[in-house]
Amino acid sequence: MLFGLLPHLGISSDSPGQPCYRSKRSHFPILLDSTSIKTEMTKEKISQIVNSSLLISGAFLLCAALGMLINPNTFYKFFSPVQLVPDPIPPSQSVSYYWDLKGYAELALNNQCIAFYPLWPLLIRTLFHPQSVEQAAYAFLVLSAVLFFISLPLLVWIFKKALNHQSLAFLVVLAFSLSPMAIFRVIGYTESFFTILSAIFIWCCLRQSRLHETLRLALVFGVTFVMSLTRPILMPFIFSSIAALGTIYLFDWLRLERRSRSSLLTNAHYYGEEIKITITLCLATVIGYLPYGLFCLHSRGSFFAPFTDQSLWGTKLGLHLELLLFPKSPLFDLYGLYFPILVLVLSLFLVYFKVRNEEPLMWIPQSPLWLILFLYPPLLVVTYIANYLRLRSNTNWVRQDEISHPPCQGGSNQRIWDKIKPNGSKASRGASSLSKLVTSDFAQSLSHNYLFWFCAYFAVFHSLLIFFTRDRLYSLGRYSFGLPFFFLTLGYLCCCIPGKRTNLALWLFIWVSAIALVEQWVNYGQNQWLG
């Protein structure tokens, strides 16, 4: 039946190894040349990218429309070029019409040194020439909305190239675009512009881009320089690049049977490109901040004045353990604390055992009800650890080499452990026992994927920074889910653990995000804090 449908699709089954078409004047197949095949493939890829982008755009617009139906003030506020409701006097900590957008608008009207960075306001000043805060704020909104829709096909294309999986790339970009923090990409904040810069940065770092080394380094330097003038990325980029380089070098060192100082130096030349990218990133972030720092030095007498202003927002080194349970801010800020760290820890765990050619024994919940615990990560972590320790204590362990080669016969020293499950015990029941976690060979490639580790550490850096410097998790969800780095990491991790459970968890995340996005639009119309 399938082969009977092939002629109707324009594909002949006569030559399964090479596509061909039938001429209207002849019944003999006409083999396509390589140019025609590439043209058809290019058209198909473009069509897939456009269709995926339209679906994602439609889903986002649907969430926005639902929010506007629930609260009509959202519609009027979003499309109004003037401020409809005055801010309360004295200023409120919970209600504001423009929030941080007012600071960007003032910076667009008058170049000055404040906590916000200058490039995004400079674009508005150059393109729109606003004369008031209202005009500037509306110009920010218009440009950010345009950039949001431009970024979608770019993200789909780059994620498809990175993950080499069309449907997974679609789902990951959908999750990113339906995140409740996606609202910042259309209401005037830097997220829209920075997302496009981040997508270009990711493409530059992809090995699949096949760029010449000199051109790659030049592009990485240029994009990072521009990003440094848009948001404060000095510490995140330096930390993430060095940590990524150290991680891939560590996993390569673990592959060696004999580890010594000489082996460390010998393997260093294998990562010459990654070392150059790391040095380029560090230099670009420092040099990128230099123009703004010098301007602040000239206007305010302090090279680090923006960091001083940010410290006035309540940033202070400290340890607030209650934030592990209660974010004192929207719930997605708690997700921003846990999810990047969980993804990083799980990635390190999977890649480590894959490099060692071992299959880790884990407890894999069988019931889909466990996915509900993702709604409150602290309970998920505590419950999982408790069940794992309980099952581990109910399992008898022996060395595998002692089973195959008793000690008296001289067994090997291979560090692989097996379990013996007594009959009738809890460990002998499939759903209530530790089992080997089988991962795809894709996990092996992640051990030397510089971009993957950079994205993972970038998200984790913000989680740790906010946790150790603030008494609440304000804006952490925005730092984690408002940019594409975490979602690319999530996509890579999904490639390591393919299956229905992974897809189900990803769809659950998308649905919960979409509901939260609708709530964000409702809150936007009420002038409430969004993150």
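Keep in mind that this is a model prediction, so the values were computed, not measured. (Residues numbered from 1 in each chain as written. Predicted model: local features only at pLDDT ≥ 70, side-chain atom pairs only at ≥ 80, totals over all residues. Heavy atoms only, no water.)

*Asks:* Teacher, can you tell me more about the overall build of the chain here?
*Replies:* The number of helices and strands found in the chain is 21 helices and six strands. Across the 531 residues in the chain, those meeting the buried criterion constitute 47%. In the chain, once contacts between residues fewer than 6 apart in sequence are set aside, the share between residues at least 24 apart is 72%. For the chain, the accessible surface area stands at approximately 27,000 Å², while carbon and sulfur atoms represent 66% of it. (Helix = DSSP H or I, 4+ residues; strand = E, 2+ residues; numbered from the N terminus. Buried < 20%, exposed > 50% of the residue type's maximum accessible area, 1.4 Å probe, protein only. Contact = heavy atoms within 4.5 Å. Areas by Shrake-Rupley, 256 points an atom, 1.4 Å probe, with all protein chains shown as cover.)

*Asks:* What should I look at first to understand the side chain of S144 in this one?
*Replies:* Note on placement: S144 falls in helix α6 (residues 133-163). Among the residues examined, S144 registers a relative accessible area of 0% and is labelled buried. There is a polar contact of 3.5 Å between the side chain of S144 and the backbone oxygen of V186. Filtering out sequence-adjacent residues up to four positions away, S144 remains in contact with W120, R185, V186, I187, G188, Y189 and S192. (Polar contact = N/O pair within 3.5 Å; in protein donor to acceptor, adjacent residues only side chain to side chain.)

*Asks:* Where do I start with the state of the cysteines in this structure?
*Replies:* Two cysteines joined by a covalent bond between their sulfur atoms form a disulfide. The full count for this structure, using the stated rule, is one disulfide. Here C113 engages in a disulfide with C296; their sulfurs sit 2.0 Å apart. Taking the sign of the torsion about the S-S bond as the criterion, the disulfide between C113 and C296, at about 100°, is right-handed. Of the two residues, C113 sits in the loop between α4 (101-109) and α5 (119-128) while C296 sits in helix α12 (residues 272-300), which places them 183 residues apart along the sequence. For C113, a relative accessible area of 5% corresponds to the buried category. What makes C296 buried here is its relative accessible area of 0%. There is no disulfide at C455, and the cysteine sulfur nearest it, in C205, is 8.1 Å away. (Disulfide = S-S within 2.5 Å.)

*Asks:* Sorry, what's going on with empty space enclosed by the protein here?
*Replies:* In this approach, a probe sized like a water molecule rolls over the atoms, and the result shows the empty space that is left. For the coordinates displayed, the defined rule picks out one cavity of 30 Å³ or more. Here the largest cavity defines a volume of roughly 240 Å³. Lining the largest cavity are 26 residues, and of these K77, Y97, Y98, L101 and Y524 lie nearest its centre. Counting residues per element, the ones that place at least two in the lining of the largest cavity are α6 and α21 (500-525). (1 Å grid on protein atoms, 1.4 Å probe; cavity = no way out; pocket = protein on both sides within 12 Å on 5 of 7 lines; lining within 4 Å. Points joined across faces, edges and corners; volume = space filled by probe spheres on them.)

*Asks:* Would you take a moment to explain the packing of aromatic side chains for this structure?
*Replies:* Evaluated as defined, the whole model comprises 56 aromatic pairs. Ring centres of W99 and W529 lie 5.1 Å apart, and the angle between their planes is 75°; this geometry places the pair in the edge-to-face category. Residue W99 is located in the loop between α3 (72-79) and α4, and its partner W529 is located in the segment after α21; the two are separated by 430 residues in the primary sequence. Relative accessible area serves as the criterion here: at 25%, W529 is assigned to the partly exposed category. Taken together, a centroid distance of 4.8 Å and an interplanar angle of 65° make the contact between F349 and F353 edge-to-face. Pair noted here: F349 and F353 are both in helix α14 (residues 331-355), with a separation of four residues, about one helical turn. Accessibility expressed as a relative area gives 27% for F349, which makes it partly exposed. Residue F353 is classed as buried on the basis of its relative accessible area, which comes to 18%. Taken together, F60, F75, Y76, F78, F79, F148, F149, W521 and Y524 form an aromatic cluster joined through their ring pairs. Positioned above the aromatic ring of F194, the side-chain terminus of R231 is 5.3 Å from the ring centre. (Phe/Tyr/Trp six-rings, centres within 6.5 Å; stacked < 30°, edge-to-face > 60°. Lys NZ or Arg CZ within 6 Å of the ring centre and 35° of its normal.)

*Asks:* Would you mind going over the confidence of the model for the chain with me for this structure?
*Replies:* In the predicted model, the chain carries a mean pLDDT of 82, and the fraction of residues at 70 or more is 82%. Across the chain, element-level confidence peaks in helix α8 (residues 191-205) with a mean pLDDT of 96 and bottoms out in strand β1 (residues 20-22) with 32. When the criterion is pLDDT under 50, residues 1-32 qualifies, and its contacts beyond four places in sequence or with other chains add up to 26 contacts. For the stretch residues 397-431, pLDDT sits under 50, and the model shows 53 contacts to residues farther than four places along the chain or on other chains. (pLDDT = per-residue confidence, 0-100.)

*Asks:* How should I be thinking about the layout of surface pockets in this particular structure?
*Replies:* Here the second largest pocket is characterised by a volume of approximately 1,600 Å³. Of the residues forming the lining of the second largest pocket, the biggest block, six residues, is contributed by helix α18 (residues 450-469). Of the residues belonging to the lining of the second largest pocket, the class tally is 27 nonpolar, 13 polar and ten charged. (Nonpolar A, V, L, I, M, F, W, Y, C, P; charged D, E, K, R; others polar.)

*Asks:* How do you make sense of unusual backbone geometry when you look at a structure like this?
*Replies:* Glycine aside, residues mostly have negative phi, and peptide bonds are mostly found in the trans state. For R210, which is not glycine, the phi torsion reads 55° and is therefore positive. In this fold, R210 is placed in the loop between α8 and α9 (213-228). For R210, a relative accessible area of 77% puts it in the exposed group. The backbone phi angle of N357 is positive, close to 60°, even though this residue is not glycine. Its location among the elements puts N357 in the loop between α14 and β3 (361-362).

*Asks:* I keep staring at α5 and nothing clicks. Help me out?
*Replies:* Helical periodicity: at 3.6 residues per turn, an α-helix aligns residues three or four positions apart in one direction. Three or more residues of α5 are buried, namely L119, W120, P121 and I124. On its buried face, α5 is in contact with α4, α6, α8 and α9. Downstream of α5 by a residue or two, H129 has a phi angle that is positive, lying close to 50°.

*Asks:* Which parts of the structure should I look at to understand the packing of helix α10 (residues 234-255) against α18?
*Replies:* For any two helices packed against each other, the geometry comes down to the angle between their axes and how far apart the axes lie. Closest axis-to-axis distance for the α10/α18 pair is 8 Å, and the angle between their directions is 135°. One element, α10, and the other, α18, form an angle in the oblique class. Here the hand of the crossing between α10 and α18 comes out right-handed. Taken together, the residues of α18 that come into contact with α10 (itself represented by M235, P236, F237, F239, S240, S241, A243, A244, L245, T247, I248 and F251) are Y450, W453, F454, Y457, F458, F461 and H462. Taken together, the residues of the contact of α10 with α18 sort by class into 15 nonpolar, four polar and no charged. (Axes fitted to C-alpha atoms, helices over the stretch in contact; angles between N-to-C directions. Parallel < 35°, antiparallel > 145°, perpendicular 65-115°, else oblique. Left-handed = near helix turned anticlockwise from the far one by under 90°.)

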